[in-house]
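Residue strings, one per chain:
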Amino acid sequence: MIYSFRKSAFEKEKSYELTQDGIKITDHEGAVSLVKYSDILQVNLSFVSTKHNSFYQCDLKLNAGNNLLFKSQHFAGIANFEDRGTDYANFITGMHKILNAAGLNIKYKKGISSLGYFASMAVFIIAGIIFPIVSIGMLIGGQIIFGIVGIFVSIMLFLRMKKYMKKNKPGAYTPDLLPQTLIPESV
């Protein structure tokens, strides 16, 4: 099973292949390297929501101290991101099946760190209280258009943050039971 994507403008596209021995990485010039499955210490699935798009990611912490990151989006150009959710989901699911069968001592984490989660929750609560109050104040003060836009934005922000918080709640999982909230829905 092969998955390829480009992380950012600063990196070229690479392909990743699940082999018997590990993850074979081939860069744009054809150079090949291998990350052995036994070198993986931790797998962390999470959801990233930015101003322009949202995507899923899988971060592998390796025993050499570095990380290997997979994203469900491909950087196709400036402000141009391609959704590769189906291929990503198949690759991540396949990798988990291999890791589960190998019986390796790997930690499986989901979501963001506890500190990051609670900081996000604090921002969510503060913004969720202040922004609607300001919007209602604008309505009362006669700035009807700004008040209505503010309330609409408050609702959209609330829905987006609710999805983000639900998907990124920190925790652990087992490789045979992937958290479905952290795998693209196209699978």
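For the structure, see preceding data.
All of these numbers come straight from a predicted model, not from anything done at the bench.

Basis of the calculations
- Residues numbered from 1 in each chain as written.
- Predicted model: local features only at pLDDT ≥ 70, side-chain atom pairs only at ≥ 80, totals over all residues.
- Heavy atoms only, no water.
- Pairing = 2+ DSSP bridges.
- Helix = DSSP H or I, 4+ residues; strand = E, 2+ residues; numbered from the N terminus.
- Axes fitted to C-alpha atoms, helices over the stretch in contact; angles between N-to-C directions.
- Contact = heavy atoms within 4.5 Å.
- Salt bridge = Lys/Arg side-chain N within 4 Å of Asp/Glu carboxyl O.
- Buried < 20%, exposed > 50% of the residue type's maximum accessible area, 1.4 Å probe, protein only.
- 1 Å grid on protein atoms, 1.4 Å probe; cavity = no way out; pocket = protein on both sides within 12 Å on 5 of 7 lines; lining within 4 Å.
- Points joined across faces, edges and corners; volume = space filled by probe spheres on them.
- Nonpolar A, V, L, I, M, F, W, Y, C, P; charged D, E, K, R; others polar.
- Expected span 1.5 Å × (residues − 1).

Chemist: So what exactly am I meant to see when it comes to the sheet that holds strand S4 (residues 32-36) here?
Modeler: Strand pairing in a sheet takes place through backbone hydrogen bonds and is either antiparallel or parallel in direction. Pairing within the open sheet is antiparallel, and its four strands lie in the order S1-S2-S3-S4. Among the strands making up the open sheet, the edge pair consists of strand S1 (2-5) and S4. Adjacent strand axes in the sheet meet at a mean angle of 20° when their direction is disregarded. Examined bridge by bridge, S1 and strand S2 (residues 14-18) share four bridges and lie antiparallel to one another. When the sheet's bridge partners are listed, Ile2 is paired in S2 with Glu17. Contacts from helix H1 (residues 85-102) reach S1, S2 and strand S3 (22-26) within the one sheet, and its direction differs from that of S2 by about 40°.

Chemist: Which parts of the structure should I look at to understand the pattern of salt bridges?
Modeler: Where side chains of opposite charge bring their charged atoms close, a pairing between them can arise. Across all of its chains, the model carries three salt bridges by this definition. The partner of Arg84 in a salt bridge is Glu13, and the shortest N-O contact between them spans 3.1 Å. On the criterion of sequence distance, the pair formed by Arg84 in the loop between strand S9 (80-83) and H1 and Glu13 in the loop between S1 and S2 is long-range, its members being 71 residues apart. Take Arg84: its relative accessible area is 14%, and that puts it in the buried class. Among the ionic pairs, Arg84 bridges to Glu82, the shortest N-O distance being 2.8 Å. Judged by its relative accessible area of 37%, Glu82 is partly exposed. Through salt bridges with shared partners, a single ionic network connects Glu13, Glu82 and Arg84.

Chemist: Hey, could you run me through the environment of Thr50 in this one?
Modeler: In this fold, Thr50 is placed in the loop between strand S5 (40-49) and strand S6 (54-62). If near-sequence neighbours (up to four positions away) are discounted, Thr50 is found in contact with Phe55 and Arg160.

Chemist: Which parts of the structure should I look at to understand the layout of surface pockets?
Modeler: What the largest pocket holds in volume is close to 160 Å³. Taken together, 13 residues line the largest pocket, and the ones lying closest to its centre are Ser54, Phe55, Ser72, Asp83 and Gly85. Every element with two or more residues in the lining of the largest pocket is listed here: S6 and S9. Residue composition of the lining of the largest pocket, by class: four nonpolar, six polar and three charged.

Chemist: Got a minute to help me understand helix H3 (residues 144-167) in this structure?
Modeler: Side chains that are three or four residues apart share a direction in an α-helix, a result of its 3.6 residues per turn. With 24 residues, H3 extends 35 Å from end C-alpha to end C-alpha; this agrees with the ideal 34 Å at 1.5 Å per step. Within H3, the full set of buried residues consists of Gly147, Gly150, Ser154, Met161, Tyr164, Met165 and Lys167. Buried positions along H3 lie against S5, S6 and helix H2 (114-140).

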